[in-house]
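Coordinates in review
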Amino acid sequence: MQKIVFVACFILYVHFSYGNNDMVISKWLTTGPLDMSYPAFHDTKNVEGDKFTDSDLLVYEPICLKNIKPFEGEEFGWISGQTSSWSGHYADSKDFISFEADMPATFPQVVFIAAYIEAERWLEASLTINTPQMAQVYLNGNPLGKKTTVEHEQGTLGEITQSLKLEKGKHLLLIKSLYAHGSNSGWKVSARLKPGNGFHITDLNIDTKPYRSKTIHDILNGVKVSWVRPSPSGELYAVTYSEAKPPRGDTERWVEIKNHDDNSIIHSFKHASISQLQWLPESRAVSYITRDNNKASLHVFDFEKGKTKTVLEEIERMGSYRWSSNEDFIIFSVTEDNTGEQGHIKHVLGMQDRQPNWRNRSFLYYLDLNTKATHRLTYGNLSTSMQDISRCGEKLLFSQTRPDYQERPFHKHNIFLMDINTLAVDTLWSDKKWGVSGQFSPCGEYMLFTGGPDAFGKAGRNIPEGMIANNYDTQAYIYELKSGKTESITFDFDPSLAGAHWNSVDNHIYFTAQDKDKIRLYRYNFRRDRFSEIPTPVDVVAGINYSSDSHSAAFMGEGMSEPSKGYWLNLRNDKTQLLEDTESENYRYVRFGETREWDYQTSEGVDISGRIYLPPGFDAEQTYPLIVYYYGGTNPVSRRFGGRYPFNLWAGNGYVVYVLQPSGATGFGQEFSAAHVNNWGITVAGEIIESTKAFLEAHRFTDKNRVGCIGASYGGFMTMLLLTQTDIFTTAVSHAGISSIASYWGQGYWGYSYSALATANNYPWNNPEIYFDQSPLFGADKVNTPLLLITGDEDTNVPPGESVQMYTALKILGKPVELLKVKGQNHTILNYEKRIEWNNAILAWFDKCLKEQDEWWKEQFPKKNF
């Protein structure tokens, strides 16, 4: 191993120099020299007649360079057990960093040279590398350019020149320099950056530390944990992982079984292509489904025996399944294809018939695990949905739903109780107006149902006289089988339920519930009729699963600046334990700005909950552009870490982000959520405008002349509506927004059914004040703010026409508007590559309008002479 010789510049703390608007990279991280070796028979010509050369060594990558994050003092592993540490060094007075090697070299060696280029904005620049030796250049792990020749004459330099297009943030520049066999030239490297036209040297900085802000690639890449599920005994747990691989986002999903005590792997289902993994209720075993086209097989893997057996084989169009508590039988569903379409014309049988596969029907089957015999449980013209199996294994709770277009909410529901032994069916409710989900109590004497405030008439409705309940505000009800009496247990409980589980181990009911913008975990003591919050270390509890035979649960949790992690919960003492944290490595060097609470009471006395995301390195003496985000519909904007609209990513791009919760959202109590019904922005628009003005006044570090707003779906509708009522916003973004309530009501797959709750008992023919007066399209002439409209061109929820007709109106009116249609995407942008483009388009639009930086937008959407 050779030593490195560095010649330090005279003033060590000058990291770069200036001249003609260019920058010399003078502070580096280096590791090596490291020995390289030739393969066997390298002197033998291959089939192309070529021998193996040093240039082949240069381009060969023994390790994956995309995962390298150089950091001073950290070890770097190389071939043949070689290791070296990254160390910081400065270039000499001639801008070179130099290395010592045998001259002439008896064998090839490499050094790695790294620096982080920090772009303060999107920009173009040119990179020039000078060296007499071979070199391969990488940017963010991707090959950028190479030099495969050696300058043997002393003082002669070769050159690599590349054009760069850098997004805001840090970019790893890595140079692999190879000292060739037989070389007698010096070993040195210099690098220089020159900003493109219109950009300045101050837009760039060089650093040797990888600390940076969050990017879209952090959200999409790396190993993610989807859910964790404890075994019945609590000794093991199952964990589901996923990983999207750039550049196309090909995703692999797999399950591992681990010991709870030490997280050691018991079994891995990686590359197994399984789904619907479940713990058996009593055995130390799991079941799962494999599929071959439309045929499914159900398997059981026994950890004690280490063997797999198939219990159902090649069931056509099999759906979900559920075990009985004693493992005697399984109930599963099968879908029957009833499209019945012939010719080229479809006779639409109702609004739901516009949806693909609506004519298909699903029915329930019984598998006896002792005899291996199956028999059919349900039949008819309506699908049957399994809800629960009683713990004694004798009763099955299931339901049917049918359309009824004569009365809101345009569905009727039947709830049944079947004796599994005799197949006798009791009808609990027939033609029930509001749907519910149910489960048995452990003793089987009661049932727990969840549904809206109107699910059982007045039993769950807690709103002032004259208001209509918001039936998205989920409540809980106890139903006594013997008496048929129903009681609401959440009548005075403000959070809206997200999940419920009646635990057979301690007879408590556990709820996850939306409490304002958090999702918390609660315990309901059935005997004492009392709620209590279970403390957790996260803002959002999601995907919780409970052990069937121990005081254990496992859940996923996240927060505003905390990526999703898997946790274990001891239900005896309510203590949590971290189980899975794959994101800690992904976000190791990511720095987040401060988050703050900011609540506001409007002039009408409405309390508007809000929060702030500040940029990393925030300076209250500076002024920042502001992005205002809202939904405005029935759901609050939760404190989830990622999501489609990542607020700390926007903050990392130099914006202050204000997220507010206008009236009408669930999680604040029924009276607050009921304000959503028949509102459609009547009061919400004013709340957003007033709150934004107050926010700007209270936070002088925000620039009132650089304020953007953005919303999606109902929030996209709010964006359009706001622009018809105010000019306080500098620009706006509407994704999948509604421009005409009437056309959305009639054309969106769920427009009429959503409006049944949001526009209760009101229709275009009896309430034009909502359907037309509140529709942004009919106020388009009042819009003066530059608006970006985005829609998936296959959106079945809010059809693309909602954005297109607003675009048409504003173009005819000569108003500033742009329209982006994301090809092949529905209501949400799910495709990996398209999501990156969509994210970048939104950021580029805000940069263009709020920072007067239009280069990134022009790069993505260059102007053509059409």
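The structure under discussion appears in the preceding block.
Here, residues in each chain are numbered from 1, in the same order as that chain's written sequence. Local features are withheld for residues below a pLDDT of 70 in this predicted model, meaning they are given only at 70 or higher, and side-chain atom pairs are given and counted only at 80 or more; totals for whole chains, interfaces and linings count all residues. Water and hydrogen atoms play no part in the side-chain values, which are based on all heavy atoms of the structure.

**Regarding the side chain of Gln400**
Which entries qualify depends on this criterion: We count a stretch as a helix when DSSP gives it H or I for four or more residues in a row; a strand needs E for two or more, and each element gets its number in order from the N terminus. The contact criterion used throughout is that any non-hydrogen atoms of two residues lie within 4.5 Å.
The residue Gln400 is located in strand β29 (residues 395-403) in this model. Every residue in contact with Gln400, bar those within four places of it in the chain, is listed here: Leu382, Ser383, Thr384, Lys412, His413, Asn414 and Phe416.

**Points about the nonpolar core**
Heads up, the condition is: Only buried residues count toward a nonpolar core, which is a set of Ala, Val, Leu, Ile, Met, Phe, Trp, Tyr and Cys residues joined through side-chain atoms within 4.5 Å. Classification of residues uses two cut-offs on accessible area relative to the type maximum, computed with a 1.4 Å probe and protein chains only: under 20% is buried, over 50% is exposed, and between them is partly exposed.
Of all hydrophobic cores here, the largest spans 124 residues; its most connected members are Trp650 and Trp680. Among the elements that take part in this core, helix α12 (residues 832-850) stands out by supplying eleven residues, more than any other. If we ignore the near neighbours within four places in the chain, the residues touching Trp680 are Tyr714, Phe717, Leu721, Ile738, Ile741, Tyr744, Tyr754, Ser755, Ala758, Thr759, Ile770 and Gln774. Judged by nonpolar contacts, the second largest core, of 21 residues, contains Ile68, Trp86, Met134 and Leu174.

**Some points on the sheet that holds strand β17 (residues 236-245)**
Let me state the cut-off plainly: Being paired, for any two strands, means DSSP has found at least two bridges between them. Geometry is summarised by axes, namely lines fitted to C-alpha atoms with helices restricted to the contacting stretch, and by angles between N-to-C directions that run from 0 to 180 degrees.
What the four strands build is an open sheet, ordered β16-β17-β18-β19; its pairing is antiparallel. The open sheet has two edge strands with one neighbour each: β16 (222-230) and β19 (265-268). Between one strand axis and the next, the sheet turns through 25 degrees on average, direction left out of account. Sheet analysis places strand β18 (residues 250-259) next to β19, joined by three bridges and oriented antiparallel. Within β19, the position partnered with Ile257 by the bridge is His267.

**Digging into the sheet that holds β29**
Read across the open sheet, the four strands follow the order β28-β29-β30-β31; overall the sheet is antiparallel. With partners counted over all chains shown, the strands left at the sheet margins are β28 (385-389) and β31 (425-432), one partner each. For this sheet, the mean inter-axis angle between neighbouring strands, taken without regard to orientation, is 15 degrees. Across four bridges, β28 lies against β29 in antiparallel orientation. Bridge pairing links Met386 to Phe398 in β29.

**Quick notes on the side chain of Asp795**
To keep things clear, this is the line we draw: Under this rule, positive means Lys or Arg and negative means Asp or Glu; His and the chain ends count for nothing. Each salt bridge in this description consists of a side-chain nitrogen of Lys or Arg and a carboxyl oxygen of Asp or Glu lying within 4 Å of one another. In protein, a polar contact means a hydrogen-donor-capable atom and an acceptor-capable atom, both N or O and within 3.5 Å, with residues adjacent in sequence counting only if both atoms are side-chain atoms; elsewhere, any N or O pair within 3.5 Å suffices.
Position of Asp795 among the secondary structure elements: in the loop between β51 (787-792) and α11 (801-812). Arg644 is the oppositely charged side chain nearest to the buried, salt-bridge-free Asp795, at an N-O distance of 8.5 Å. Reaching out from Asp795, the side chain makes a polar contact with the backbone nitrogen of Asn797 at a distance of 2.8 Å. A polar atom in the side chain of Asp795 sits 2.8 Å from the side chain of His827. Ignoring any residue separated from it by four or fewer positions in sequence, one finds Asp795 in contact with Ala736, Pro800, Gln825, Asn826 and His827.

**Considering empty space enclosed by the protein**
For clarity, the threshold we go by: Every definition here rests on a 1 Å grid over the protein atoms only: cavities are sets of points where a 1.4 Å probe fits but cannot get out, pockets are open sets enclosed by protein on both sides within 12 Å along at least five of seven lines, and lining residues have some atom within 4 Å of a point. Grid points are joined across faces, edges and corners, and a volume is the space filled by probe spheres set on the points. Basically, the charged four are Asp, Glu, Lys and Arg, the nonpolar ten are Ala, Val, Leu, Ile, Met, Phe, Trp, Tyr, Cys and Pro, and anything else, Gly included, counts as polar.
Applying the stated criterion to the full structure yields one cavity of 30 Å³ or more. Estimated volume of the largest cavity: approximately 30 Å³. For the lining of the largest cavity, the residue count by class is four nonpolar, five polar and no charged.

**Observations concerning unusual backbone geometry**
Pro33 follows Gly32 through a cis peptide bond whose omega is 5 degrees. Structurally, the position occupied by Pro33 is in strand β3 (residues 27-35). Look at the link from Pro246 to Pro247: it is a cis peptide, with omega at 10 degrees. Along the chain, Pro247 falls in the loop between β17 and β18. Positioned with a positive phi, Asn357 is a non-glycine residue whose angle comes to about 70 degrees. Of note, Asn357 is situated in the loop between β25 (329-336) and β26 (361-368). For Asn357, a relative accessible area of 53% puts it in the exposed group. We note that Glu852 has phi near 55 degrees; this positive angle belongs to a residue other than glycine. Mapping Glu852 onto the fold places it in the loop between α12 and α13 (855-860).

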